[in-house]
Structures are given as C-alpha cells and as structure tokens.
Amino acid sequence: LTLVGPMLLGFFALLLTVLLWAPSPIDREFTTLVQALPAGAFGRLARLGSDVGGGVYGTLLLPAMAASWFAVTRQWKLLLLVAAAFALHYLLISPKLLITANRPSPEFGVLGAGGLESFPSGHVQWAASFYGLMAYVTLGTARTGRMRFAIAATYALIVVLTMFGRIELGRHWLTDTVAGVLVGLIALRILILLHRWPVLDHAGARLGAIFSRPSLR
C-alpha cells in the first residue's frame, strides 16, 4: 500500500486545484492544443482510445468477453476480480456526484458540450484499472522480456489514448484525466493485493463449486 499514499495525495492536490481554479489556464491551453491537432489519423486514434477506454466497448463488451473467458476456463478468482474492478470503479469516481466541475465548452474557449461531473474522468479511471488488471494477469504468462514490454506498452498506450480522446472530444480537461489515472492506479493496486489475498482463493474455489453442481450444468 506504500504507493497508494502518494497517489492519494496527488489526487487531493488536483481536487484542490479543481475547487479553486477549474478550469485552470493549463487545462484550457492544453485542451486548445489537443483540439487544434489535425483531425485525421490522430482524431480517429483519439476517438478509438475513448471508445476502448470506456463506453460500450470498454466498460461492457470487452469486460464481458474477459469475464466469459474466465468463466469458461474456470478461473473463478479472476472472474471475481473483474467484478471487484467494477465496484472500485464506481466507488472511486463517486466524487463526481459531490464536486461541481464544469466540462469543456465554448464558454471556456474550447470545443465541448459542457455539463458538470467532470472530475475525475471515469473513462480514464476504468482504462487504468481494468486494462491494468488484464496486463497484470497477462504478464504472469509472458515468457520473454519482449512479450512483457509489449504488454506494458499496449496498456500504457490504451491509457494515454483514452486521456487524449476524452480531451479531444471535449469531455474532460487534462486535470480530470490525470486524476482518472491516479484513482485508476489506486484501484489497480487494490486489485493486485486482492489477487494475492488467500481469502480470494477460497472465495473463487467456493464459486467454482457452486457452478460445478449438477443442477447448474
């Protein structure tokens, strides 16, 4: 848990920034810069990152595929961790309900539909936690350094593209996405600790026993 403390401090520092200055001059300048980039390949990548990081693909389709695979291969502990990832996601983005944080809009000199509940970015939080969990699980099966590097690089790319996608689409500021990374990494750290927790092994075994009953076959 030693890494969680600094990440929490960083999150609360960003929260203080949001409460006092949101959107900050850095947020406005960075959003203007990102939205001024050519809308060709970069725009498509940014939108893809936003879709994969969250939305229907990121929070429904891909997690459902992962959960189905874990169920079919009888990896019950990993199935429970996917469920825990969802629980942590909604817990850690709950500050949205309590914090007045404006989303990007022409009122602030940038593109965006406006609205509230901007801090932190739920898409980025999910990308950092869920795909981090998938990377952690996959790294355990990687046999070479190149495979481990490819897995880590793919994970980092998904998170970065999700951040840029949310900014390019005018849904979040830089501060929101960085905060999303921090709470996502906190969730990932908790998920890794749960993976190493013997109690979860027992819970997974009990879940497997339930689904192995003849009446459920």
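The shown structure was predicted, so the numbers you read here are calculated from the model rather than taken from an experiment.

Draft legend 1. Layout of the layout of surface pockets. Size it by volume and the largest pocket reaches roughly 260 Å³. Lining the largest pocket are Leu-62, Met-65, Ala-66, Phe-130, Tyr-131, Met-134, Ala-135, Thr-138, Ile-151, Thr-154, Tyr-155 and Ile-158. It is helix H6 (residues 122-139) that provides the largest number of residues to the lining of the largest pocket, a total of 5 residues. Looking at side-chain class alone, the lining of the largest pocket contains 10 nonpolar, 2 polar and no charged residues. Here the second largest pocket is characterised by a volume of approximately 170 Å³. Thr-59, His-89, Ile-93, Gly-122 and His-123 are the residues nearest the centre of the second largest pocket, which is lined by 13 residues in total. When contributions to the lining of the second largest pocket are tallied by element, the ones reaching two or more residues are helix H4 (55-72), helix H5 (76-92) and H6. In the lining of the second largest pocket, the residues fall into 4 nonpolar, 7 polar and 2 charged.

Draft legend 2. Fine view of the pattern of salt bridges. Per the counting criterion, the structure on display carries 1 salt bridge. Notably, a salt bridge pairs Arg-47 with Glu-168, separated by 3.1 Å at the nearest N-O pair. Within this pair, whereas Arg-47 is found in helix H3 (residues 41-53), its partner Glu-168 is found in helix H7 (residues 145-168), the two being separated by 121 residues in sequence. On the basis of relative accessible area, Arg-47 is assigned to the partly exposed category, the value being 39%. We classify Glu-168 as buried; its relative accessible area is 13%.

Draft legend 3. Quick peek at the packing of aromatic side chains. Here the structure, examined in full by the defined rule, presents 7 aromatic pairs. An angle of 80 degrees between the planes, with centres 5.9 Å apart, marks the rings of Phe-108 and Trp-173 as edge-to-face. Taken together, the residues Phe-108 in the loop between H5 and H6 and Trp-173 in the loop between H7 and helix H8 (174-195) connect sequence positions 65 residues apart. Across the pair, exposure class does not vary: Phe-108 and Trp-173 are buried alike. A connected cluster of aromatic rings, assembled from ring pairs, spans Phe-86, Trp-126, Phe-130 and Tyr-131.

Draft legend 4. How the structure looks around the nonpolar core. Membership of the largest hydrophobic core comes to 47 residues, with the highest contact counts inside it found for Phe-70, Phe-119, Met-134, Tyr-155, Val-159 and Leu-191. Setting aside anything within four residues of it in sequence, one finds Met-134 in contact with Ala-66, Phe-70 and Val-82.

Draft legend 5. Here's a closer look at empty space enclosed by the protein. Within the structure shown, the criterion is met by 1 cavity of 30 Å³ or more. Taken as a whole, the largest cavity holds about 30 Å³ of empty space. Lining the largest cavity are Val-18, Ala-22, Asp-27, Ala-101, Asn-102, Ser-118, Trp-173 and Asp-176. Looking at the lining of the largest cavity, its residues break down into 4 nonpolar, 2 polar and 2 charged.

Draft legend 6. Geometry of the packing of helix H1 (residues 4-21) against H8. Running from N to C, H1 and H8 cross one another at 155 degrees; their axes reach a closest spacing of 9 Å. One finds that H1 runs roughly antiparallel with respect to H8. Crossing hand, H1 versus H8: left-handed. Counting all contacts with H1, which are made through Val-4, Met-7, Leu-8, Gly-10, Phe-11, Leu-14 and Val-18, the residues of H8 involved are Thr-175, Val-178, Ala-179, Leu-182, Val-183, Leu-185, Ile-186 and Arg-189. Looking at the contact of H1 with H8 residue by residue, the classes come out as 12 nonpolar, 2 polar and 1 charged.

Draft legend 7. Region of interest: a nonpolar patch on the surface. Together, Leu-16, Leu-19, Leu-20 and Trp-21 make up a nonpolar patch on the protein surface, roughly 460 Å² of accessible area in all. Tracing the chain through its elements places Leu-20 in helix H1.

Draft legend 8. Representation of the side chain of Gln-125 in the model. Mapped onto the fold, Gln-125 is located in helix H6. Of the residues examined, Gln-125 reaches a relative accessible area of 0% and is grouped as buried. Engagement of the side chain of Gln-125 in a polar contact is seen with the side chain of His-89, the distance being 2.5 Å.

What counts and how
- Residues numbered from 1 in each chain as written.
- Predicted model: local features only at pLDDT ≥ 70, side-chain atom pairs only at ≥ 80, totals over all residues.
- Heavy atoms only, no water.
- 1 Å grid on protein atoms, 1.4 Å probe; cavity = no way out; pocket = protein on both sides within 12 Å on 5 of 7 lines; lining within 4 Å.
- Points joined across faces, edges and corners; volume = space filled by probe spheres on them.
- Helix = DSSP H or I, 4+ residues; strand = E, 2+ residues; numbered from the N terminus.
- Nonpolar A, V, L, I, M, F, W, Y, C, P; charged D, E, K, R; others polar.
- Salt bridge = Lys/Arg side-chain N within 4 Å of Asp/Glu carboxyl O.
- Buried < 20%, exposed > 50% of the residue type's maximum accessible area, 1.4 Å probe, protein only.
- Phe/Tyr/Trp six-rings, centres within 6.5 Å; stacked < 30°, edge-to-face > 60°.
- Core = buried A, V, L, I, M, F, W, Y, C linked by side-chain atoms within 4.5 Å.
- Contact = heavy atoms within 4.5 Å.
- Axes fitted to C-alpha atoms, helices over the stretch in contact; angles between N-to-C directions.
- Parallel < 35°, antiparallel > 145°, perpendicular 65-115°, else oblique.
- Left-handed = near helix turned anticlockwise from the far one by under 90°.
- Patch = residues over 30% accessible without salt bridge, like charges linked within 9 Å, V, L, I, M, F, W, Y side chains within 5 Å.
- Areas by Shrake-Rupley, 256 points an atom, 1.4 Å probe, with all protein chains shown as cover.
- Polar contact = N/O pair within 3.5 Å; in protein donor to acceptor, adjacent residues only side chain to side chain.

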